[in-house]
Every structure is written in C-alpha cells, then in structure tokens.
Amino acid sequence: MNESELSTFRAEIDKIDDDIIELLSERFEIVSKIAQFKRENGIPIEDNKRETELFAALTRRDETHCIELKRVFTTICNNSKRIQRRSLNLYLIGMPGCGKSRCGYTLSNILGLPFADTDKLIMREKGQSIDEIFDTLGEPSFRKMETNMLLRLASRGGTVVATGGGVLTTPANIPIIRSSGYTVFLDRKLDELLNQKLRNRPLLRDGKEAIIRLYNERRSSYIQNADYIDNPDSRGVIGRIISSYKRFIN
Ligand code: S3P
C-alpha cells in the first residue's frame, strides 16, 4: 500500500464512522421510544431473548469478526438498556408519614429531576382535598384517580414520584410501578410513625390503631415491591438512596 492508498482507506473509514454515528444516534432515539412504550404498557426493560437472537445472527453474518462484533454489540446493547433505565421514574413508597414527599423533594433537587406527588396532583386537578374526595366520592373513586395519575407519570418518565401510602393496595398499580421505575421503600419504624401528627389522612381517622393495622397489613408488600429499602430517620439516608439509584441507572 502506498501513501495515497492509505489516505483513501482512511477517508473510507471516516465515512463509515460518520455512518455508524448517525445510525447509532438513530438507534438510541428508537430505544427511547420503545422505553416509553414499555413504561406505558407495563413491559419490563430487560429482554434477553432479543439479545440472544442478535448475537446468534452476528456469527451467521460474519464468522471472521464475530468475536469483535459481539463485543461491540454488547456495548451497544448495554448502552441501550442504560438509556431505557435512565428514563424510568424513581418511586418512593411507604406508610403515611414516612417522609415520601420530603425525601422526594430533596432527591429531585439533588438529581435534577422533576418531582411529582400523586396526592397533590390529584388534589390540584380535582380542586378538593383528599379528605373531601374520600367523603364525597369514596375511596374506590380515589383509587381510580390514583391509578390514572400513575399511568400518566409512568408515560412521562424521568421523575421522582412520591406515592400515596395505599398505592400498592390496588393490584393494577404494582405492574405499573415495577415496570416504569426504580422503587425505594422508606421503612420508617412504627414508633416514629405513631409520633406523627397527620392531617388530611381519611384512613387514619381512627388514630394510632389504624396506623398499626395498616402498617401490619402493608409492610410485606412494600418490602416485596422495593428495589431499595432504607430507614428515613437514619443518618445519610439520602446519600444512600442516590448511590443505589445511580448504580441502577448506570
Ligand atoms: C393513603 C395515604 C395518603 C393518601 C390517601 C390514602 C393510604 O397518602 O393517598 O389518604 O391509603 O395510606 P400519604 O401516604 O401521603 O399519607
């Protein structure tokens, strides 16, 4: 090969690199659209079947370079999953008074993500307090509004979401939350929950007994549906939640 051929080859490689960049950008755009569809329809992000098929096709297409191609596509697939994971919500679940709104607000500021509180959004949209909604329309209507709000937030993605304490009591909410986000259970001790003065909580009108009953009924479901669990009263809790979430999205 002479100097002039070398520069022709280099020009060809530059052109191929340009095409690869353009195609990869297009691929990542499509991946984002698929992520939104998955969030809206309760489909998990991981789909190893498609990856296995892709790798099998690589060997068939180019036996000479199949090892290199597999390496490249492993990186492409990992980055595609990363894009999809970054589009998920960060959900905070736990008992009334465990600090979901407070922690959620702090987390959203630190992470630079928008913050949403399902109860507050419902109140704003209906122009009524949660108490009033329960009294005038009843709990089943409130639960429907809650599911609707979750679906909208799942479709939006990339948001820190403080949920209502009873969110997991509607079975349909569980796949919505699990497939559209990373879930943190704020596991506040019962003694601390009992020390709270909680206003505008229709299900807690019976006071401490209601809190104890709901705590015992719900704690296992919070645990079962959490990606990360921490005590909101312990030192450094926000930092630990952020580290666990960052490990997950990266
Ligand atoms: C509820 C908790 C409330 C609110 C509604 C029902 C519950 O939210 O969604 O009163 O079933 O525990 P908080 O957890 O923010 O109090």
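Our subject is the structure listed above.
Only a predicted model underlies this, so the values are computations on that prediction, with no experimental measurement involved. (Residues numbered from 1 in each chain as written. Predicted model: local features only at pLDDT ≥ 70, side-chain atom pairs only at ≥ 80, totals over all residues. Heavy atoms only, no water.)

### Regarding the side chain of Thr118
Consideration 1: By the secondary structure assignment, Thr118 is in helix H5 (residues 118–126).
Consideration 2: With residues near it in sequence (within four places) discarded, Thr118 still touches Met149, Leu150, Leu153, Val161, Ala162, Thr163 and Gly164. (Helix = DSSP H or I, 4+ residues; strand = E, 2+ residues; numbered from the N terminus. Contact = heavy atoms within 4.5 Å.)

### Here's the deal with a negative patch on the surface
Consideration 1: On the surface, Asp14, Asp17, Asp18, Glu22 and Glu26 cluster together into a negatively charged patch.
Consideration 2: For Asp14, the position within the fold is in helix H1 (residues 3–41).
Consideration 3: The class for Asp14 is partly exposed, based on a relative accessible area of 49%. (Patch = residues over 30% accessible without salt bridge, like charges linked within 9 Å, V, L, I, M, F, W, Y side chains within 5 Å. Areas by Shrake-Rupley, 256 points an atom, 1.4 Å probe, with all protein chains shown as cover. Salt bridge = Lys/Arg side-chain N within 4 Å of Asp/Glu carboxyl O. Lys, Arg positive; Asp, Glu negative; His and termini not counted. Charge placed at Lys NZ, Arg CZ, Asp CG, Glu CD. Buried < 20%, exposed > 50% of the residue type's maximum accessible area, 1.4 Å probe, protein only.)

### Here's the deal with the packing of aromatic side chains
Consideration 1: By the definition in use, this model includes 5 aromatic pairs.
Consideration 2: Between Tyr105 and Phe115, the ring centres sit 6.2 Å apart and the planes meet at 80°, which makes this aromatic pair edge-to-face. Of the two residues, Tyr105 sits in helix H4 (residues 100–111) while Phe115 sits in strand E2 (residues 115–117), which places them 10 residues apart along the sequence.
Consideration 3: Aromatic ring contacts, followed pair by pair, group Tyr182, Tyr245 and Phe248 into a single cluster. (Phe/Tyr/Trp six-rings, centres within 6.5 Å; stacked < 30°, edge-to-face > 60°.)

### Re the sheet that holds strand E3 (residues 160–162)
Consideration 1: Pairing within the open sheet is parallel, and its 5 strands lie in the order E2-E3-E1-E4-E5. Two strands in the sheet have a free side with no partner beyond their single neighbour: E2 and strand E5 (228–230). When strand polarity is set aside, the average angle formed by the axes of neighbouring strands in this sheet is 20°.
Consideration 2: One ladder, built from 3 bridges, connects strand E4 (residues 181–186) with E5; its direction is parallel. Bridging from a neighbouring strand, Leu186 pairs with Asp230 of E5.
Consideration 3: Packed onto the sheet, H5 meets E2 and E3 and runs at close to 70° relative to E2.
Consideration 4: Packed on one face of the sheet, helix H8 (residues 173–180) meets strand E1 (89–93) and E4 and runs near 110° to E4. (Pairing = 2+ DSSP bridges. Axes fitted to C-alpha atoms, helices over the stretch in contact; angles between N-to-C directions.)

### As for the state of the cysteines
Consideration 1: Within this structure, the stated rule accounts for 0 disulfides.
Consideration 2: No disulfide involves Cys66; its nearest neighbouring cysteine sulfur is the one of Cys77, lying 15 Å away.
Consideration 3: Cys98 carries a free sulfur, and the closest cysteine sulfur to it, the one in Cys103, is 7.5 Å from it. (Disulfide = S-S within 2.5 Å.)

### Some details on the packing of H1 against helix H3 (residues 66–86)
Consideration 1: Direction vectors running N to C along H1 and H3 enclose 45°, while the axes themselves pass 9 Å from each other. Between H1 and H3, the angle falls in the class oblique. Crossing hand, H1 versus H3: right-handed. Contacts between H1 and H3 involve Leu24, Arg27, Phe28, Val31, Ser32, Ile34, Ala35 and Lys38 on the former and, on the latter, Ile76, Asn79, Ser80, Ile83 and Gln84.
Consideration 2: For the contact of H1 with H3, the class distribution of residues is 7 nonpolar, 4 polar and 2 charged. (Parallel < 35°, antiparallel > 145°, perpendicular 65-115°, else oblique. Left-handed = near helix turned anticlockwise from the far one by under 90°. Nonpolar A, V, L, I, M, F, W, Y, C, P; charged D, E, K, R; others polar.)

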